[in-house]
Structures are given as C-alpha cells and as structure tokens.
Amino acid sequence: MTTPVVRKPRSTWTPAQIALTLVAAALSLVWLAPLAWALSTSLKTPTESVLSPHWIPDDLTAESWRAVLDAGNIPNWFVNSLVVSVCVTFLVLLVASLAGYGFARTEFRGKPVLLALTMAGLMFSPAVLGVPLFTTVQSLGMVDTYWGMILPQCAPAAMVYILYKFFQSLPKELEEAAFIDGAGRWRIFFTIVLPLSKPSLSAVGIFTFIASWNNFLWPYMVTNNPDLMTLPNGIATVQNSFGIVWPQLMAGGLIAGLPLIVVFVFFQSQIVRGVAHTGLAGQ
C-alpha cells in the first residue's frame, strides 16, 4: 500500500517580504511621479498649468502636443537621433571590446602606459574636451555631418574599462584549449569570448545608446543645419520658440524621453543582468 503524498501548504509571505514589497512600491511611485506630473501638465491649458498644483486637468486638451509636433520636424529629428545613437553604439561595442580584450589578454611593449592613459580618460568630463574635439572635427571638414556627431563619441574610457575587467574574469582555460586545437586569436575572440560576453556587451550597448540619445552638448556644438539636428536639440529649439509655456515644455520633454522609456521597458532584464555581470552595482 502506497503512502499518500502530503502536499505542504503554500508558504505565506513573511513580514520581511511584505515590508520590502511596500518599500519597492513606494519607491516606484516616487520615481513615476515626475513622469505622471509631466504628462498631466502637458494635457493642461497654459493658464491652468500656472494655477495651484493639481494632478487631474480641469480642461483636458492635447493642444500642447499638437503645437510641439507642428512647430518642428519631429520625424526627421527622430531619425537623426536613431542613426547617430545606433552607429555610436555599434562602434563603441566594437572599439571597447577589442581594446578591453587586448588589454586583458595580450602582452605588448608599453601596455601599462597605454592602459594608464586610457583609464585617465575617466577623470575628464566630456565638456572639458569639447573645444579640442570641435577644433579637430572642424579641421577634418566634418562639421554638419553625421560622422562629426558620431566619431567623437566612439571611444569612451568607461566602456573600455568595464569590458577590460569582465574579460579578465573569463577563465583562460577555454582560450588555451582553443589554442591547442589550432584556433587563432581572432577566431577565439569572435567565437568564444564574445558569445560569453553577451550580458556585459548588452549592458554597455544599452548604456551607450541611452547616453548618445541624451547627448545634447556635442550635437549642438557640431551641427548648425536644422535638418541634421538630433531630437533633444530639435525639441530644445522648439521649446525656446515657445518661451516658458509649461504644457509645451512638458510635452517636448516627454517626446524626447519616450524612446528611452521604451528601451528600458523592453530591455530591463538585460540591464539588470549586465549590471550584475559587469560589477557596476558596486561602483
């Protein structure tokens, strides 16, 4: 006679789990409140937006959104931002992965000095390098071009450092076994190292895309042609034409930030895994 299997009752939440859930919900509300307020303000009339603060508009209107869309070439600016951000992301992944792997796995003369110079780039703000970069781009005839906006963003020392530390953590035995089987350095890099680095590459790619999309100063410096403006620059131009009209300002900000919200919603798991693998959580 078989003994019946006694199923354990489903465990209930512990007080600690309930407390953590409540804290996470409260923090989520705090982080979502600015977005909700911006959306609420963008749906108000200019007169209502300067009255006493209230969340729900009395006169719901999308006039501010129509005004922003009619005042600027939003589709063209969106395409420009997309082209620049995608190209910058691809080139950063290529350059940073090659540089990081070279520093982590190869020995050559002058490596400590070159690595120190690369890491020294972490100490300089991009704003400090704006004038020399602009002079270089101008001398190369790349002002008012896509390449003038893309190339100066393609060698961030932080991304090289992140991938360099990750490549150091990979077991060398895998590469040594491939060397014994006759594989060369390039084949090992593309067939073994890069597939193992997907979480870190995903994190670097997402962070680079977000930084490039939000980059306002450099495209503003190197571009005078309205047809080549990126979305943040174009939205800023439209907002300057309105002056301080809060519904239009909020609508323009939401239009510029909407693609990043979409990226975060669809790639949040990759962001979390990438932070865990690259060690950014402890930096």
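Conventions adopted
- Residues numbered from 1 in each chain as written.
- Predicted model: local features only at pLDDT ≥ 70, side-chain atom pairs only at ≥ 80, totals over all residues.
- Heavy atoms only, no water.
- Disulfide = S-S within 2.5 Å.
- Buried < 20%, exposed > 50% of the residue type's maximum accessible area, 1.4 Å probe, protein only.
- Core = buried A, V, L, I, M, F, W, Y, C linked by side-chain atoms within 4.5 Å.
- Helix = DSSP H or I, 4+ residues; strand = E, 2+ residues; numbered from the N terminus.
- Salt bridge = Lys/Arg side-chain N within 4 Å of Asp/Glu carboxyl O.
- Phe/Tyr/Trp six-rings, centres within 6.5 Å; stacked < 30°, edge-to-face > 60°.
- Axes fitted to C-alpha atoms, helices over the stretch in contact; angles between N-to-C directions.
- Parallel < 35°, antiparallel > 145°, perpendicular 65-115°, else oblique.
- Contact = heavy atoms within 4.5 Å.
- Nonpolar A, V, L, I, M, F, W, Y, C, P; charged D, E, K, R; others polar.
- UniProt positions renumbered as here; feature names shortened; annotations may be inferred.
- Polar contact = N/O pair within 3.5 Å; in protein donor to acceptor, adjacent residues only side chain to side chain.
- Arc of directions from axis to C-beta.
- Patch = residues over 30% accessible without salt bridge, like charges linked within 9 Å, V, L, I, M, F, W, Y side chains within 5 Å.
- Areas by Shrake-Rupley, 256 points an atom, 1.4 Å probe, with all protein chains shown as cover.

Once that is clear, we can look at the state of the cysteines. Inspection of the entire model under this criterion finds zero disulfides. Lacking any disulfide linkage, cysteine 154 is separated from the closest cysteine sulfur, that of cysteine 87, by 8.3 Å. Given the relative accessible area of 7%, cysteine 154 is considered buried.

Phe167 and Val193 are the most contacted members of the largest nonpolar core, which has 32 residues in total. For this core, the secondary structure elements donating two or more residues are helix 4 (74-105), helix 5 (111-120), helix 7 (146-150), helix 8 (157-169), helix 10 (185-196), helix 11 (198-214) and helix 12 (217-222). Counting residues in hydrophobic clusters, the runner-up holds 16 residues, among them Met229, Val238, Ala251 and Ile271.

Below, the discussion takes up the pattern of salt bridges. Two side chains carrying opposite charge are able to pair once their charged atoms lie near each other. One pass over the full model with this rule turns up four salt bridges. Of the charged contacts in the structure, one is a salt bridge between glutamate 175 and arginine 105, with a shortest N-O distance of 2.7 Å. Here arginine 105 lies in helix 4 and glutamate 175 lies in helix 9 (residues 172-180), a separation of 70 residues in the sequence. Since its relative accessible area comes to 13%, arginine 105 is described here as buried. Between glutamate 107 and lysine 111 there is a salt bridge, and its shortest N-O distance comes to 3.3 Å. Among the residues examined, lysine 111 registers a relative accessible area of 11% and is labelled buried. Bridged by salt links that share partners, the residues Arg105, Glu175 and Arg185 form one connected network.

What follows deals with the packing of aromatic side chains. Within the structure shown, the criterion is met by 11 aromatic pairs. For the pair phenylalanine 78 and tryptophan 213, a centre-to-centre distance of 5.6 Å together with 70° between the ring planes defines the contact as edge-to-face. Here the residue phenylalanine 78 occupies a position in helix 4, and tryptophan 213 occupies one in helix 11, the gap between them amounting to 135 residues. Owing to a relative accessible area of 2%, tryptophan 213 belongs among the buried residues under this scheme. Put simply, the rings of Tyr101, Phe166, Phe167, Trp186, Phe189 and Phe190 touch in pairs and so form one group of aromatic residues.

Before going further, it helps to examine the packing of helix 5 against helix 8. Contact pair helix 5 / helix 8: the axes reach a minimum separation of 8 Å and the direction vectors enclose 125°. Comparing the axis directions of helix 5 and helix 8 gives the class oblique. When helix 5 is examined against helix 8, the residues Leu115, Thr118 and Met119 are found in contact with a partner set consisting of Ala157, Val160, Tyr161 and Tyr164. For the contact of helix 5 with helix 8, a count of residues per class yields six nonpolar, one polar and no charged.

Moving on: the UniProt feature "transmembrane region" (unreviewed entry) in the protein. In the numbering adopted here, UniProt assigns the feature "transmembrane region" (unreviewed entry) to residues 77-101, 113-134, 146-167, 188-211 and 249-267. Secondary structure across residues 188-211 comprises 96% helix and 0% strand; the distance between its end C-alpha atoms is 30 Å. This span, residues 249-267, is 100% helix and 0% strand, and a straight line between its end C-alpha atoms measures 28 Å.

Time to look at the side chain of serine 81. Mapped onto the fold, serine 81 is located in helix 4. Taking relative accessible area as the criterion, serine 81 reaches 2% and is therefore assigned buried. Polar contacts involving the side chain of serine 81 include one to the main-chain amide nitrogen of leucine 231, which spans 2.6 Å. Residues contacting serine 81, with those up to four places away along its chain left out, are Trp213, Thr230, Leu231 and Pro232.

To continue, consider helix 3 (residues 63-71). Turning to helix 3, its buried residues number three or more, namely Ser64, Ala67 and Val68. Seen end-on, helix 3 carries its buried residues on one side only, within an arc spanning 95°.

Before going further, it helps to examine a nonpolar patch on the surface. A grouping of Leu32, Leu35, Leu258, Ile261, Val262, Phe264, Val265, Phe266 and Phe267 is seen on the molecular surface, where their side chains present a nonpolar patch of about 850 Å² in accessible area. Elements with a contribution of two residues or more to the nonpolar patch: helix 1 (15-42) and helix 14 (246-278). Here the nonpolar patch gets seven residues from one element, more than from any other, and that element is helix 14. Within the fold, phenylalanine 266 resides in helix 14. Take phenylalanine 266: its relative accessible area is 62%, and that puts it in the exposed class.

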